[in-house]
Amino acid sequence: MSNLPDTAKLGKNGQLEIGGCSCADLARKFGTPLYIIDEATVRNRCRAYVQSFRQSHPNTEIAFACKALCTTSVVRLVASEGLGLDVSSGGEIYTAKKAKASLNHAYFHGNNKAEDELKFALQSGVGRMVIDNFDELNRLEKAAREIRKTANIFLRINPGIEAHTHEYIKTGTVDSKFGVPLAQLDAVVQEAKNKKNIQLVGLHAHIGSQILDVQPFVDETKLLLDLIDKYGLNELDIGGGIGIPYLENEAVPALEDFARQIGDVLKNRPEIKLILEPGRSIVGQAGVTLYTIGGIKDIPGIRKYIFIDGGMSDNPRPILYQAKYAATIVSKASQPRTDKVTVAGRFCESGDVLIKDIILPKVEAGDTLAVFCTGAYNYAMASNYNRVGRPAMILVDNGKAALVVRREAYEDLTRNDLC
Ligand code: LLP
């Protein structure tokens, strides 16, 4: 199915397996909730991006947007595939350093980077600082001067391009907190070119996330190309990747098609370096979350709820963006789907519903539920609401499961309480 990890299959007795591991065994061994990341899917997506983009425009760098899933193990994995990194905080830079990733190929984003973060980035050798506005440009110049470094920068522009995605994850529209409005760009470019410790090398834009249409990316690339020609630059960074299928058989553009259409805009311009920063489409489908079903509450004629041992703290996307997810019962994945239920989390918030009205095989308390496509922006946005510890994460590959993030214990929750 289109929304599962590449290695997902039905093993013995129709049980769900990922990365050659039985999900039921993983739940028993590591407990639930449990984030599973399938290494092969991550590697396949990295390779597919690099190959399809380099085929249509050889001078392309793919940088993984760490914000989608930032753990030492995942950054190490992605870096081992030769990808650069999009980082957006000192913490992400710190994680990348721990993973021994090359920061030379890192792009530091954000609309309000602090002076100490800017210095940390420069001292750590981050290759490109992506500057969002006038104030940040001045702050970077001060930071660079103080530590006697020169900063290579991109300016982020606000392209004024509408893309069809959720209001909260659109970023390129005219009324956005991100990027220099086009009307102010001449002035900011001039200012950047005048600054001593700053070297302007390119432009960047990001039009939003979970976009299922190639055309807005094409429009964006054309606009960036015109602008870098106007200012005599030769690097352009078009931001995040294409959207992914969260639900079974949801139509998404083929990666090769996306790459070809962007490559066509840059045809006959081999000297232009293209940078793309996919996050969701590298790790999203690689992730599956396992939960244990506790109670079942049937309100006759109204709704049947099944309660899980996680919810909005490990996956805030449904409550934030009305995101939709698919799921199955791991030990009954091959059984007919007959039970219409609503999957509710354990948190003190009535909106804590992970999936409304899904039809599953007959559900019983104690069953293990697998929710698909949870690799991106789940762990990355997880919280400790209700003082619940964040789940463990395992990386599965070829029948082996490695614990890469341990489950938070009670002591972790009070670690920073001083009195
Ligand atoms: N580059 C920049 C500058 C970005 O801001 C983002 C995402 C990306 C790349 C990666 O975009 P992707 O390939 O993952 O679409 N929390 C939201 C998504 C926020 C995306 C923020 N920026 C969600 O869960 O849907």
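The following paragraphs examine the structure supplied in this document. (Residues numbered from 1 in each chain as written. Predicted model: local features only at pLDDT ≥ 70, side-chain atom pairs only at ≥ 80, totals over all residues. Heavy atoms only, no water.)

**Observations regarding helix α8 (residues 215-231)**
(1) Moving on: Over its 17 residues, α8 runs 25 Å from end to end, which matches the ideal 24 Å to within 8%, given 1.5 Å per residue.
(2) Moving on: Within α8 the residues assigned to the buried category are Pro216, Phe217, Val218, Glu220, Thr221, Leu224, Leu225, Leu227, Ile228 and Tyr231.
(3) Moving on: Along its buried surface, α8 packs onto β9 (151-158), α7 (185-194), β11 (198-204), β12 (235-237) and α9 (255-265). (Helix = DSSP H or I, 4+ residues; strand = E, 2+ residues; numbered from the N terminus. Expected span 1.5 Å × (residues − 1). Buried < 20%, exposed > 50% of the residue type's maximum accessible area, 1.4 Å probe, protein only. Contact = heavy atoms within 4.5 Å.)

**Quick word on the pattern of salt bridges**
(1) Moving on: Within this structure, the stated rule accounts for 29 salt bridges.
(2) Moving on: Notably, a salt bridge pairs Asp257 with Arg260, separated by 2.4 Å at the nearest N-O pair. With Asp257 and Arg260 both in helix α9, this residue pair falls three residues apart, about one helical turn.
(3) Moving on: Residues joined in a network through salt bridges with shared partners are Glu39, Arg43, Arg47 and Glu81. (Salt bridge = Lys/Arg side-chain N within 4 Å of Asp/Glu carboxyl O.)

**Some words on the site of the ligand**
(1) Moving on: Neighbouring the ligand are 19 residues; Ser209, Glu277, Arg280, Arg317 and Tyr377 lie closest to it.
(2) Moving on: One of the side-chain nitrogen or oxygen atoms of Arg317 is found 2.6 Å away from an oxygen atom of the ligand.
(3) Moving on: Taking Tyr377, its side chain carries an N or O atom lying 2.7 Å from an oxygen atom of the ligand.
(4) Moving on: Within the complex, 91% of the 590 Å² of free accessible area of the ligand lies under protein. (Near = heavy atom within 4 Å. Polar contact = N/O pair within 3.5 Å; in protein donor to acceptor, adjacent residues only side chain to side chain. Areas by Shrake-Rupley, 256 points an atom, 1.4 Å probe, with all protein chains shown as cover.)

**A closer look at empty space enclosed by the protein**
(1) Moving on: As enumerated under the stated definition, the model contains one cavity of 30 Å³ or more in all.
(2) Moving on: Of the pockets and cavities examined, the largest cavity occupies roughly 30 Å³.
(3) Moving on: Residue lining of the largest cavity: Gly311, Met312, Asn315, Pro318, Ile319, Gly351, Asp352, Val353 and Leu354, and that is the complete set.
(4) Moving on: Elements supplying a minimum of two residues to the lining of the largest cavity: α11 (317-321) and β18 (353-360).
(5) Moving on: Here the lining of the largest cavity is composed, by residue class, of five nonpolar, three polar and one charged. (1 Å grid on protein atoms, 1.4 Å probe; cavity = no way out; pocket = protein on both sides within 12 Å on 5 of 7 lines; lining within 4 Å. Points joined across faces, edges and corners; volume = space filled by probe spheres on them. Nonpolar A, V, L, I, M, F, W, Y, C, P; charged D, E, K, R; others polar.)

**Comments concerning the layout of surface pockets**
(1) Moving on: Looking at the largest pocket, its volume works out to about 660 Å³.
(2) Moving on: As for the largest pocket, its lining consists of 32 residues, and the residues nearest its centre are Lys67, Thr171, Phe178, His206 and Tyr377.
(3) Moving on: Residue classes in the lining of the largest pocket are distributed as nine nonpolar, 16 polar and seven charged.
(4) Moving on: Both domains that furnish three or more residues to the lining of the largest pocket are identified here as domain 1 (9-31 + 286-413) and domain 2 (39-282).
(5) Moving on: Quantified by volume, the second largest pocket comes out at close to 550 Å³.
(6) Moving on: Lining the second largest pocket are 21 residues, with Cys70, Thr71, Thr72, Thr95 and Tyr379 positioned closest to its centre.
(7) Moving on: For the lining of the second largest pocket, the secondary structure elements donating two or more residues are α3 (72-80), α4 (90-98) and β21 (400-405).
(8) Moving on: A per-element tally of the lining of the second largest pocket places α4 first, with five residues. (Domains from an automatic or database assignment.)

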